[in-house]
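Examination of the molecular architecture
Residue-level listing of the chains:
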Amino acid sequence: MLKVAYNMKPLRFVDAHIHLSDEEYAEKIKEIILEAKNNKVVALVSNSMNLETSIKSLELAERYNGIVYAAMGIHPWSVNALTEEELQQTTELIIKQRGNKALIAIGEVGLDYKYEKIWEKQLMVFDEMLRLAEKLNLPAIIHSRGTTAQIVDMIPSYSLKRILLHWFSNPISILPKVIERGYYISEGPPTVYSNGIREVVKKVQLTNLLTETDGPVRYFKSPFYGKMTTPAFIPTVVDAIAEIKRISAKEAADQIATNFEDFFGVKINSMEDNA
Ligand SMILES: [Zn+2]
């Protein structure tokens, strides 16, 4: 049997943060997954907003086993409408998945300064979510708009080994601490056109970087403008990372896929396995 050299490994891309459970994708899941495969995107993490989308993410991960993985939890934007009962049901549902390989993270969870009127409730829910990650020994995928410094201060009081700060944008001054702690950062389409995000990518070592789309978010600029956000954007994001890091796109893609496996503790399939 021929041994395949390292550089002959098939190209593979990952989308560590997409909301496949979003209504906007409801009728399009099959096509999105097919299109992802055609673009060599071999692993997608379906993030959740609340109980309903947590159930949906889990269903998708079970149906599209080996390419879709679930992240379950309550997003800060869902906190206002959240009832005590829904919080409890979500927590119970997640705990029941202990050992279920479809569930690979708690997410999307976090704090958002835009909702400061419900700050106490946000803190309570975020605390509950981080305790779940702790309890199930799962990574946490964190939304930290305007709250990154506070979140970075909070995390050490939990026993969490794997933290992903999704769409990290600022403050840049906190990056050395984030990197030193071994947290991961995921960046998406703005890597191609935003100087701020390019600066973040430049400063974070490649071994701590992941790629994402945050679909169906759709206000990206050119070359994504006006298109439905799908994992097919990922190869363009990786090209931008490669350019910033002054390495080949293949090298960037390989390292990011390896990071995905290390961070989420899963072995992703190559296209051959997925065919
Ligand atoms: Zn998101």
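Refer to the structure above for everything that follows.
Small disclaimer: the values here were computed from a predicted structure and weren't measured.

Thresholds, definitions, all that
Residues numbered from 1 in each chain as written. Predicted model: local features only at pLDDT ≥ 70, side-chain atom pairs only at ≥ 80, totals over all residues. Heavy atoms only, no water. Donors = N, O, S within 2.8 Å, 3.2 Å for Na, K, Ca; no water. Tetrahedral: all angles 85-135°; square planar, octahedral: opposite > 155°, others 65-115°. Helix = DSSP H or I, 4+ residues; strand = E, 2+ residues; numbered from the N terminus. Buried < 20%, exposed > 50% of the residue type's maximum accessible area, 1.4 Å probe, protein only. Axes fitted to C-alpha atoms, helices over the stretch in contact; angles between N-to-C directions. Parallel < 35°, antiparallel > 145°, perpendicular 65-115°, else oblique. Contact = heavy atoms within 4.5 Å. Nonpolar A, V, L, I, M, F, W, Y, C, P; charged D, E, K, R; others polar. Pairing = 2+ DSSP bridges. Phe/Tyr/Trp six-rings, centres within 6.5 Å; stacked < 30°, edge-to-face > 60°. Core = buried A, V, L, I, M, F, W, Y, C linked by side-chain atoms within 4.5 Å. Polar contact = N/O pair within 3.5 Å; in protein donor to acceptor, adjacent residues only side chain to side chain. Right-handed = clockwise from strand over helix to strand, strands pointing away.

Time to look at the coordination of the zinc ion. For the zinc ion, the protein coordination sphere consists of His-17 (NE2), His-19 (NE2), Glu-108 (OE) and Asp-214 (OD), at 2.1 to 2.2 Å. Geometry at the zinc ion is irregular, judged from its four donor atoms and the angles of 87 to 175° they form at the metal. Donor residues for the zinc ion sit on one chain with the sequence pattern H-x1-H-x88-E-x105-D. A residue pair is termed long-range when its members are at least 10 positions apart, and His-17 in strand β1 (residues 13-18) and Asp-214 in the loop between β8 (209-211) and α9 (234-245) qualify at 197 residues. On the basis of relative accessibility, which here comes to 7%, the residue Asp-214 falls in the buried class.

The next subject is the packing of α9 against helix α10 (residues 249-264). Running from N to C, α9 and α10 cross one another at 110°; their axes reach a closest spacing of 8 Å. Considering their axes alone, α9 and α10 lie roughly perpendicular with respect to each other. Of α10, the residues touching α9 (which contributes Val-238, Asp-239, Ile-241 and Ala-242) are Ala-249, Ala-252, Ala-253 and Ile-256. Of the residues belonging to the contact of α9 with α10, the class tally is seven nonpolar, no polar and one charged.

Now for the sheet that holds strand β7 (residues 184-187). Note: strands within a sheet are paired through backbone hydrogen bonds, in either parallel or antiparallel orientation. Read from one edge of the open sheet, eight strands run β1-β2-β3-β4-β5-β6-β7-β8, paired in parallel fashion. Taken across any chain shown, the strands that pair with only one partner, and hence form the sheet edges, are β1 and β8. Strand-to-strand twist of the sheet, defined as the mean angle between neighbouring strand axes without regard to direction, takes the value 25°. Against the sheet, α9 touches β1, β2 (41-46), β7 and β8, its axis set at about 150° to β8.

The next thing to look at is the packing of aromatic side chains. Scanning all chains against the criterion turns up nine aromatic pairs. Seen from their ring centres, Tyr-184 and Phe-263 are 4.8 Å apart, and the 45° between their planes marks the pair as tilted. Linking Tyr-184 in strand β7 with Phe-263 in helix α10, this pair joins segments that are 79 residues apart in sequence. Assigned by exposure class, Tyr-184 and Phe-263 land together as buried. With a centroid separation of 6.3 Å and an interplanar angle of 45°, the aromatic rings of Tyr-219 and Phe-220 are classed as tilted. According to the relative accessible area criterion, Phe-220 is buried, its value standing at 2%. Clustering of aromatic rings is evident, with ring pairs tying together Tyr-69, Tyr-184, Phe-260, Phe-263 and Phe-264.

Before going further, it helps to examine the nonpolar core. Among soluble globular proteins, nonpolar side chains are generally buried collectively. Judged by nonpolar contacts, the single largest core of 91 residues is most densely connected at Ile-142, Phe-260 and Phe-264. For this core, the element with the most residues is helix α4 (residues 119-136), which contributes eight residues. In this structure Phe-260 touches Val-14, Ala-16, Ala-43, Val-45, Tyr-69, Ile-104, Leu-210, Gly-265, Val-266 and Ile-268, once residues within four positions along its chain are discounted.

For the rest of this paragraph, the subject is the environment of Arg-145. The topology assignment puts Arg-145 in the loop between β5 (140-143) and α5 (148-154). Of the polar contacts made by the side chain of Arg-145, one reaches the side chain of Asp-112; its length is 3.0 Å.

Neither face of β5 is exposed, since Ala-140 and Ile-142 on one face and Ile-141 and His-143 on the opposite face are all buried. As judged from the three bridges shared by strand β4 (residues 103-110) and β5, these two strands associate in the parallel manner. Among the inter-strand pairings, Ile-106 is bridged to a residue of β5, identified as Ala-140. In the classification by handedness, the crossover that spans β4, the intervening α4 and the parallel β5 is right-handed. When β5 meets strand β6 (residues 163-166), the two strands line up parallel, connected through three bridges. Across the sheet, the residue bridging to Ile-141 is Leu-164, located in β6.

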